[in-house]
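# Structural overview
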Amino acid sequence: MRTRPPTGRGRVALALSALLGSTVLAALPMTVTASAAADGVAVQYRTSAGGATADQSEPWFKVRNTGSSTVQLSQVKIRYYFKADSASASYRFACSWAVKGCANITGTFGVPAHPTATADRYLEVGFTSGAGSLAAGADTGDMQLRFYQSSWQTLNQADDYSFNPSQTSYADWNKVTAQLAGTTVWGTAPEGNDPTDPTDPTDPTDPPGGGQSLFDDFNYASYTDPAIAAHGWNIRSNSGGPGVPGAGWDPSKVTFPTASGNTVMNLETSTAGTAESTRQTEVVSRSTKFKNGTYAARVKFSDTPKSGPDGDHLVQTFFTINDLKAPMADDYSEYDFEYLPNGGWGESGNILYTTSWETYNPDPWQAVNQHTEGRQSYAGWHDLVLTIDNSSIKYYIDGQLFGTHDAQYLPERPMSINFNQWLIDLAGQTSTTARAYDEQVDYVLHVKDQVLTPAQVAAKVAAYRSAGTRFVDEVPAS
């Protein structure tokens, strides 16, 4: 439980009254041709730490495009399966060197659906959009990766499913898997753990009720494109909170640039150190018709401005919300992903909050909520998933469970879907030099009354894009 300082939470009181409170999405390249998906990719592996025990495991990889079409690396995921040294062991990922640049390679840990004697954890390696693409026949070059226990206890590699002590030079290795746009195209997972196997119990089963979806990849010409309103979105222009008092909300700073051949939504927030010069951005669904089910978006957070000096107390978000009808009203609901790259609200550094709200009183400040936080940089692209059923609220980041919140915070009324980028105050950077920050979002997805896993979300988005679907809204009005 956490009570946010009045400066931060006052933004909700103002945002709610306008039913505006969000940043819009930007479409990140995730389209793959059918031929490329069919031909897929191959993974070559070698180890740089071949002992049965080691201070850290060092799986090195190359990914090769075996198809006839260009592959966006941001669509590729590799899984290396291993046996944890204890049930409570936690692990950390690192990249020592990579041809594509370590900043463009991600590593997260997960638990297979069906743990085995040699695989009850996996390392999932992915790529940001900055890694670019692979032409047919090309490979990524070296990716010199490693992972280790958080406690730096010695690792036992001998019982790890994907480990091969004799493979000290690169060669194809089918005990690691690769997914392309959500479909497994390489390798053999431990028994029962192929995330795209149609018999896997974690795949969508179309349970009774619900299932209607909203999907938008935000393929628009500009902020004046009439399709934006036709698809149920409002780009904010009216004054008010959250953020710096007197700041403006500028629709023209919501743009749709092309990145790696794909249109993305870009939200720019800028300031020259005064309220009058501060321009924030927000996009919100016009309908408040979303309640239980799955919410997902692929969002690019930024740690630094694209121009000018750094340090502003910036908030970059993806959230759902409804209006506070009275102070401490018990039918208020809000569920946030909020990234503060430069701190704020009493924090001095990078922090990501996920927060589930029961209610609050704006004056005097009083809040009832539950939150989870991560104090590290989240710069770059991230897959954000929120699920709400009748028992809990769960937040996932890049396929990994980030926080589970209690049933007392479940929504009583439908909500809107929102994205915004704004400044808490002007105290973080007092310069009067102009600066500007970007937040981008690839897509948004909501599936009514069904809880999907992150893998199911990725598969559903890939299916829409494979079919050429750029927008659909089947969710009935509440």
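Structural notes, computed from the coordinates. (Residues numbered from 1 in each chain as written. Predicted model: local features only at pLDDT ≥ 70, side-chain atom pairs only at ≥ 80, totals over all residues. Heavy atoms only, no water.)

### What about the side chain of Lys-289?
Tracing the chain through its elements places Lys-289 in the loop between strand S22 (279–285) and strand S23 (293–301). Among the polar contacts made by the side chain of Lys-289, one reaches the main-chain carbonyl oxygen of Val-475 at a distance of 2.8 Å. Dropping the residues within four chain positions of it, Lys-289 is found in contact with Pro-414, Met-415, Asp-473, Val-475, Pro-476, Ala-477 and Ser-478. (Helix = DSSP H or I, 4+ residues; strand = E, 2+ residues; numbered from the N terminus. Polar contact = N/O pair within 3.5 Å; in protein donor to acceptor, adjacent residues only side chain to side chain. Contact = heavy atoms within 4.5 Å.)

### What about the state of the cysteines?
Applying the stated rule across the entire model yields one disulfide. Paired by a disulfide, Cys-95 and Cys-102 hold their sulfur atoms 2.1 Å apart. One disulfide, between Cys-95 and Cys-102, carries an S-S torsion of -70 degrees and so falls in the left-handed class. (Disulfide = S-S within 2.5 Å.)

### Side note on the side chain of Arg-236
One can find Arg-236 in the loop between strand S16 (233–235) and strand S17 (248–249). Its relative accessible area of 1% is what places Arg-236 among the buried residues. A distance of 2.9 Å separates a polar atom in the side chain of Arg-236 from the backbone oxygen of Gly-241. (Buried < 20%, exposed > 50% of the residue type's maximum accessible area, 1.4 Å probe, protein only.)

### Some thoughts on the sheet that holds strand S5 (residues 76–82)
Pairing is antiparallel in the open sheet, where five strands are placed in the order S7-S8-S5-S13-S14. At either end of the open sheet lies a strand with only one pairing partner, and these are strand S7 (105–110) and strand S14 (183–186). Averaged over all pairs of adjacent strands, the angle between their axes in this sheet comes to 30 degrees, without regard to strand direction. In this structure, S7 lies alongside strand S8 (residues 121–127), joined through six bridges in antiparallel fashion. (Pairing = 2+ DSSP bridges. Axes fitted to C-alpha atoms, helices over the stretch in contact; angles between N-to-C directions.)

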